Amino acid sequence: MTARARGYFVTLEGGEGAGKTTNLQAITAQLDAAGIDWIATREPGGTALAEKIRELLLAAEGEAPHEVTELLLMFAARAQHLEEVIKPALARGQWVVCDRFTDATYAYQGGGRGQSEETIQQLEKLVQKDLQPDLTFLLDMPVEKAAERLQTRGQQKDRFEQEKQDFFSRVRDAYLKQALKNPLRFRVLDASQPLDQVQADLKEALLPSILAWKQAQPKSAQ
């Protein structure tokens, strides 16, 4: 039996309140309809160890990590996540759909915290080598509208969600900068639209990748 080709790596990015969780479910539903085997995961997190690091990073109370500590913890969690989950799934021919990845580090730790892009690039190269997502969806919306959505959730905010509006403005700007630098990989979607329209746009943008990937599969593996 002919093995499947390498899987496909999709990441979903955006600021707080952009609707990543809901739209990730829309992606996996579309993959199910196409008969594609997939796993869904998140960052920071995705493994037992990485989830513990996530707890440290998002804790609203207690000692706040220094900015450099925060950056290193992000990549420590990512290294574990890659080796235990993402790389093995791609090698099995599965699609990996991930709620945030390294673009979030450029946005939050780079744009938001002011860590240098050069430092992030060095850590990215160390941890990922040449591995990059095949496709990245950026759910973009004005920070004011995102803040309104967060207020309606009625739940305790984590350490990042408690940041000021200027922090999220820098995060958004950094995300859009990443999209401009990587136009072949990024699809920027207007997340301020009604949910059904966002998901229609998402479905339309994902379809060419599904068709191309299935076309590339060995005939006996389909």
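All of these numbers come straight from a predicted model, not from anything done at the bench.

Calculation criteria
Residues numbered from 1 in each chain as written. Predicted model: local features only at pLDDT ≥ 70, side-chain atom pairs only at ≥ 80, totals over all residues. Heavy atoms only, no water. Helix = DSSP H or I, 4+ residues; strand = E, 2+ residues; numbered from the N terminus. Rg over C-alpha atoms; globule rule 2.2 N^0.38 Å. Buried < 20%, exposed > 50% of the residue type's maximum accessible area, 1.4 Å probe, protein only. Contact = heavy atoms within 4.5 Å. Core = buried A, V, L, I, M, F, W, Y, C linked by side-chain atoms within 4.5 Å. 1 Å grid on protein atoms, 1.4 Å probe; cavity = no way out; pocket = protein on both sides within 12 Å on 5 of 7 lines; lining within 4 Å. Points joined across faces, edges and corners; volume = space filled by probe spheres on them. Nonpolar A, V, L, I, M, F, W, Y, C, P; charged D, E, K, R; others polar. Axes fitted to C-alpha atoms, helices over the stretch in contact; angles between N-to-C directions. Parallel < 35°, antiparallel > 145°, perpendicular 65-115°, else oblique. Left-handed = near helix turned anticlockwise from the far one by under 90°. Pairing = 2+ DSSP bridges. Expected span 1.5 Å × (residues − 1). Arc of directions from axis to C-beta.

It is worth spelling out the overall build of the protein at this point. Helix and strand counts for the protein stand at eight helices and five strands. Relative to the compact-globule value of 17 Å for 222 residues, the protein shows a C-alpha radius of gyration of 17 Å, a close match. Seen along its three principal axes, the alpha-carbon backbone of the protein occupies a region of about 55 × 40 × 30 Å. Burial status across the protein gives 49% buried among its 222 residues. Of the contacts made within the protein by residues no fewer than 6 positions apart, 82% connect residues no fewer than 24 positions apart.

To continue, consider the nonpolar core. A general trend in soluble globular proteins is that nonpolar side chains are found buried together. Of all hydrophobic cores here, the largest spans 25 residues; its most connected members are I27, L31, W95, F137 and L206. Looking at this core, the elements with two or more residues in it are β1 (8-14), α1 (20-33), β3 (95-99), β4 (135-140) and α8 (195-216). At six residues, the largest contribution of residues to this core is made by α8. Look past the residues within four positions of L206 in its chain and what remains in contact with it is I27, Q30, L31, W95, L135 and F137.

Okay, the layout of surface pockets next. If you add up the space inside the largest pocket, you get close to 760 Å³. As for the largest pocket, its lining consists of 37 residues, of which E16, K20, T21, D99 and R100 are closest to the centre. Every element with two or more residues in the lining of the largest pocket is listed here: α1, β2 (38-42), α2 (48-58), α3 (67-91), α4 (102-112), α6 (143-153) and α8. Top element by residues in the lining of the largest pocket is α1. It accounts for five residues. Of the residues belonging to the lining of the largest pocket, the class tally is 13 nonpolar, twelve polar and twelve charged. Taken as a whole, the second largest pocket spans an internal volume of roughly 280 Å³. Forming the walls of the second largest pocket are 23 residues, and the residues nearest its centre are E16, V143, A146, A147 and F168.

So, on to the packing of α4 against helix α5 (residues 117-128). One way to put it is that α4 packs onto α5 with a least axis distance of 11 Å and a crossing angle of 150°. Compared by their axis directions, α4 and α5 come out roughly antiparallel. Where α4 crosses over α5, the handedness of that crossing is right-handed. Along the contact surface, α4 presents T102, T105, Y106, Q109 and G110, while α5 presents E117, I120, Q121, E124 and Q128.

Where burial is concerned, most of β4 is hidden: six out of the six residues are buried. Side chains L135, F137 and L139 project from β4 onto one buried face, and the interleaved T136, L138 and D140 project onto a second face that is buried too. Of the strand pairs in this sheet, β1 and β4 are connected by five bridges, and their pairing is parallel. Of the residues in β4, the one forming a bridge with L12 is F137. Summarising the sheet, β4 and strand β5 (residues 186-190) pair through five bridges and their orientation is parallel. Bridged to F137 within β5 is R187.

Let us now look at α5. The terminal C-alpha atoms of α5 lie 16 Å apart, and with twelve residues this matches the ideal 16 Å at 1.5 Å per residue to within 8%. Restricting attention to buried positions, one finds in α5 the residues I120, L123, E124, V127 and Q128. Buried positions in α5, seen along its axis, are confined to an arc of 105° and lie on one side of it. Residues of α5 that are exposed and point more than 90 degrees away from the buried face comprise E118, Q122 and L126. Its buried side turned inward, α5 meets α3 and α4. Trailing α5 by a residue or two, K129 shows a phi angle of about 60°, which is positive.

With respect to topology, five strands assemble into an open sheet ordered β2-β3-β1-β4-β5, the strand pairing being parallel. The outermost strands of the open sheet, each flanked by one partner alone, are β2 and β5. For this sheet the average axis-to-axis angle between neighbouring strands, irrespective of direction, equals 20°. Where α1 meets the sheet, its contacts fall on β1, β2, β3 and β4, and the angle it forms with β3 comes to roughly 170°.

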